[in-house]
Each structure stands twice: as structure tokens, then as C-alpha cells.
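Report on the structure
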Amino acid sequence: LKLEQIRRATDRRKRETVLQSIENVLTEALQNMRIIARGLMLPEIEGLSLGETVRSAAEAHERRTGMKVSLDCDDYRGDLSPALRICAYRFVQEGLNNAFRHAGGNGQAVECRVEGRVLSLRVSDSGSDTRPDTRGGCGLGLAGLRERVESLGGTFGLNQTEDGTTIEMSVNLVQGDEA
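These notes cover the structure that comes with them.

Conventions used here
- Residues numbered from 1 in each chain as written.
- Predicted model: local features only at pLDDT ≥ 70, side-chain atom pairs only at ≥ 80, totals over all residues.
- Heavy atoms only, no water.
- Axes fitted to C-alpha atoms, helices over the stretch in contact; angles between N-to-C directions.
- Helix = DSSP H or I, 4+ residues; strand = E, 2+ residues; numbered from the N terminus.
- Parallel < 35°, antiparallel > 145°, perpendicular 65-115°, else oblique.
- Left-handed = near helix turned anticlockwise from the far one by under 90°.
- Contact = heavy atoms within 4.5 Å.
- Salt bridge = Lys/Arg side-chain N within 4 Å of Asp/Glu carboxyl O.
- Buried < 20%, exposed > 50% of the residue type's maximum accessible area, 1.4 Å probe, protein only.

**Things to note about the packing of helix H3 (residues 50-65) against helix H4 (residues 82-103)**
- At their nearest, the axes of H3 and H4 sit 9 Å apart, and the two run at 30° to each other. As judged from the angle between their axes, H3 and H4 are roughly parallel. Considering the relative orientation of H3 and H4, their crossing is right-handed. Of the residues in H4, those touching H3 at Leu50, Thr53, Val54, Ser56, Ala57, Ala58, Ala60, His61, Arg64 and Thr65 are Arg85, Ala88, Tyr89, Val92, Gln93, Leu96, Asn97 and Phe100.

**Thoughts on the environment of Thr53**
- Turning to its location among the elements, Thr53 is positioned in helix H3.
- If sequence neighbours within four positions are ignored, Thr53 has contacts with Ile45, Leu48, Arg85 and Tyr89.

**Describing the pattern of salt bridges**
- All chains considered together, the criterion is met by 10 salt bridges.
- Residues Glu4 and Arg7 are paired through a salt bridge, measuring 3.4 Å at the closest nitrogen-oxygen approach. Of the two residues, Glu4 and Arg7 both sit in helix H1 (residues 2-8), three residues apart, roughly one turn of that helix.
- Glu4 sits in the partly exposed class, given a relative accessible area of 35%.

Structure below.
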């Protein structure tokens, strides 16, 4: 869109101003792509227990944001499929990213329980921003999480109130291990 402004610019100064604007936008886009790419890389989680996997995601978030995360996680040592381990890591990662973005990191908490053969994972915050993201985001993070959880035979839930937001997933470990 700005290229047309360059074509119509009547003097060199106007052209340079538009070119600088384009350069700024492209630089910011490149920085955002690098941040996204860095976030897509998983740390080495193969062989970690469920608790270690969840803790790894929470600690990475703390290092990146400087915000404390309350962590309460069963130390389940049973076998987990790679798909389920990645799902748990991504669930915590996306939940905490949303808590940071929409609630300023207030009251970030992660709970992880295994009862019988059912894994329940919850990420919550105590922020009060229940408005949708108006910065142009398309909300693919939560939709992608829902798809990932459901592909493992699990359920996904989202609860937003004035007191904060909670996302929850529940997966039968037998089904999750078959994925």
C-alpha cells in the first residue's frame, strides 16, 4: 500500500519518509517472525516426566518474561507419548503467553494432576482483561491448542470471568499414548 505513496511522491523528501516507514514496518515484521520462530522450537523434552515437561515450559516463560508462575504438578512418572508430552508443553506455553499478554502476568498458575489414567492440566491467571485481542491477532493459539488436545481424544475448556481466565485440558493417558 505504501508503494503507491512512493510512486505519487512529488519530491525526494516525501519519498524518503515513505521508504523509512516501509523499512520500519519490515524490520518490525522480521523481529516478530524471529520471536515466533524461537517460540516454535521445543527444548529437549524427550525422556522427561510429565512434571519435568510442565516445569520446563513454566521456567522458560519465567525466564522470558521475568514473571513468577505458581506451579502445582503431580510428578507422574509413567510413559507418555511424544505427542502428549508436546501437547502438555505447548498447552502450558500458550496458556502462560496469553496470561502474560492479556492479564499482565497477574496470578499466573499451572496445575497438573493425574487421577487414575486421566491427565488434567490447567493454566490460569487473575487478570481482568476478558476482551478479545484487538491487536490484529487471529486467536489461532487457543484454536490450535483445542485441536491438538482433541486430536489426542481429550477435552479443552476456556473459562473467562472478571476474576481471570482459565484454560483446561483433560486427556485419558491410554488414548493419549496411542497417538
